[in-house]
Amino acid sequence: DLMKIGDIQRVLQGLLREGVSIRDMETILETLGDYAARTKDSDILIEYVRHRLSRSICEKYRAANRTMHVVTMDPATEDLIAGGIEHTDRLNVKLSPQVIRGISEAIASEVIRLAQQGRPMILLVGPTCRAGIKHMTLQTVPNLVVLSYNEITRDTRIEAVGMVSYQQRSANSARTTAGAGA
């Protein structure tokens, strides 16, 4: 099953939009060749390519001592997001606008510490929700770099300076309210 030029272009645009260099075209095309038969979803293909380009991604964001300063996300918040991400023919975040706003604000308030230290605002999350979180925060935290654990090379030392936690209580009350009218 061959990929169409438009599909390759979508993957390249997605990488560039997030500041990932596409200089290593050989690795990019090889990865697309390896995974194109499994999925046509450009968001998923981008994740595979990002994983293969992890060396250059890490080199871009880590300090000279190979340390990368990041903010992480608590597992409950990550599970909430992962449960609200749907992959049909394209990425679809099916969380309420209030939940998305709340999570985005929680992320912004944590990563601002990195910005105040003159460091890139990096959020480190699990691979299943990386693209969804980037999509959710495009408007509110446009300079946010969302990396997945898959993209961190073994020789990179991670230093977490904060953890994003979205109060599950507000999500539960939103669910309860929605269920009350049923």
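Conventions adopted
- Per chain, residue numbering runs from 1 following the sequence as it is written.
- Selection of residues for local features in this predicted model requires a pLDDT of at least 70, selection of side-chain atom pairs for listing and counting requires 80 or more, and totals for whole chains, interfaces and linings are taken over all residues.
- To obtain the side-chain values, all non-hydrogen atoms of the structure were used and water was disregarded.
- Secondary structure elements follow DSSP: runs of H or I of four or more residues count as helices, runs of E of two or more count as strands, with numbering from the N terminus.
- What makes two residues a contact is simply this: any of their non-hydrogen atoms within 4.5 Å.
- Relative accessible area decides the class of each residue, using a 1.4 Å probe on protein chains only: under 20% of the type maximum gives buried, over 50% gives exposed, and in between gives partly exposed.
- In this context, the arc is that of the directions from the helix axis out to the C-beta atoms.
- Grouping buried Ala, Val, Leu, Ile, Met, Phe, Trp, Tyr and Cys residues that are joined through side-chain atoms within 4.5 Å yields what is termed a nonpolar core.
- The angle between two axes is taken between their N-to-C directions and runs from 0 to 180 degrees, where each axis is a line fitted to C-alpha atoms and a helix contributes only its stretch in contact.
- These descriptions rest on fixed angle ranges, namely under 35 degrees for roughly parallel, over 145 for roughly antiparallel, 65 to 115 for roughly perpendicular, and the rest for oblique.
- Each helix crossing is assigned a hand: it is left-handed if the near helix lies turned anticlockwise from the far helix by less than a right angle, otherwise right-handed if that turn is clockwise.
- Polar here means any residue outside two lists: the nonpolar Ala, Val, Leu, Ile, Met, Phe, Trp, Tyr, Cys and Pro, and the charged Asp, Glu, Lys and Arg; Gly therefore counts as polar.
- For Phe, Tyr and Trp, where Trp contributes only its six-membered ring, two rings pair if their centres lie within 6.5 Å, and the inter-plane angle classes them as stacked under 30 degrees, edge-to-face over 60, or tilted in between.
- Here a cavity is any set of points on a 1 Å grid over the protein atoms alone where a 1.4 Å probe fits but cannot get out, and a pocket is any open set with protein on both sides within 12 Å along at least 5 of 7 lines; a residue lines the site when it has an atom within 4 Å of a point.
- Grid points are joined across faces, edges and corners, and a volume is the space filled by probe spheres set on the points.

S.K.: Got a sec to walk through the side chain of E47? Specific residues and values, please.
M.R.: Relative to the helices and strands, E47 is located in helix α3 (residues 42–52). Apart from the residues within four sequence positions on either side, E47 is in contact with P127, R130, A131 and E151.

S.K.: Mind laying out helix α2 (residues 25–35), listing which residues take part and the relevant values?
M.R.: Along α2, the residues classified as buried are T27, I28, T31, L32 and Y35. Buried residues of α2, viewed axially, fall in a sector of 130 degrees; they line one side. Seen from the open side of α2, the exposed residues pointing more than 90 degrees away from its buried face are E26 and G33. Buried residues in α2 make contact with α1 (5–17) and α3.

S.K.: So, the nonpolar core: which residues are in play, and what are the values?
M.R.: Among the nonpolar cores identified, the biggest contains 26 residues, and M73, I81, I103, I107, L123, I133 and L144 are the most heavily contacted of them. Broken down by secondary-structure element, the contributors of at least two residues to this core are β1 (67–73), α5 (75–83), β3 (91–93), α6 (97–116), β4 (122–125) and α7 (130–137). Sort the elements by how many residues they give to this core and α6 lands first, with six residues. Look past the residues within four positions of I107 in its chain and what remains in contact with it is M73, L123, I133, T137, L144 and V164.

S.K.: Tell me about the packing of α1 against α2, and please be specific about residues and values.
M.R.: Angle between the axes and distance between the axes: these two values describe a pair of packed helices. Between α1 and α2, the shortest axis-to-axis distance is 12 Å and the interhelical angle comes to 130 degrees. Here α1 is positioned oblique relative to α2, judged by the angle of their axes. For the crossing formed where α1 meets α2, the hand is right-handed. On the side of α1, the interface is formed by I8, V11, L12 and L15, while α2 contributes M25, I28, L29 and L32. A class-by-class count of the residues in the contact of α1 with α2 yields eight nonpolar, no polar and no charged.

S.K.: Could you give an account of the packing of α6 against α7, with specific residues and numbers?
M.R.: Running from N to C, α6 and α7 cross one another at 95 degrees; their axes reach a closest spacing of 10 Å. In terms of orientation, α6 and α7 fall into the roughly perpendicular class. Residues I100, I103, S104 and I107 of α6 touch α7, and the partners they reach there are I133, M136 and T137. Of the residues in the contact of α6 with α7, the class split is five nonpolar, two polar and no charged.

S.K.: Before we move on, can you summarise the packing of aromatic side chains with the specific residues and values?
M.R.: The full count for this structure, using the stated rule, is one aromatic pair. Aromatic side chains Y35 and Y48 sit 3.7 Å apart centroid to centroid with 5 degrees between the ring planes, which places their arrangement in the stacked category. Of the two residues, Y35 sits in helix α2 while Y48 sits in helix α3, which places them 13 residues apart along the sequence. Judged by relative accessible area, Y35 falls into the buried class, the value being 16%. Accessibility expressed as a relative area gives 28% for Y48, which makes it partly exposed.

S.K.: Describe the layout of surface pockets, naming the residues involved and giving the relevant values.
M.R.: Its boundaries defined by the atoms lining it, the largest pocket holds a volume of some 400 Å³. Lining the largest pocket we find 16 residues, and of these G14, R17, D43, I46 and H135 sit closest to its centre. For the lining of the largest pocket, the elements supplying multiple residues, two or more each, are α1, α3 and α7. Volume-wise, the second largest pocket comes out at about 230 Å³. The wall of the second largest pocket is formed by 15 residues, among which I44, E47, Y48, P127 and T128 lie closest to the centre. Where the lining of the second largest pocket is concerned, the elements lending two or more residues are α3, β2 (85–87) and α7. A total of four residues in the lining of the second largest pocket trace back to one element, the largest contributor, which is α3.

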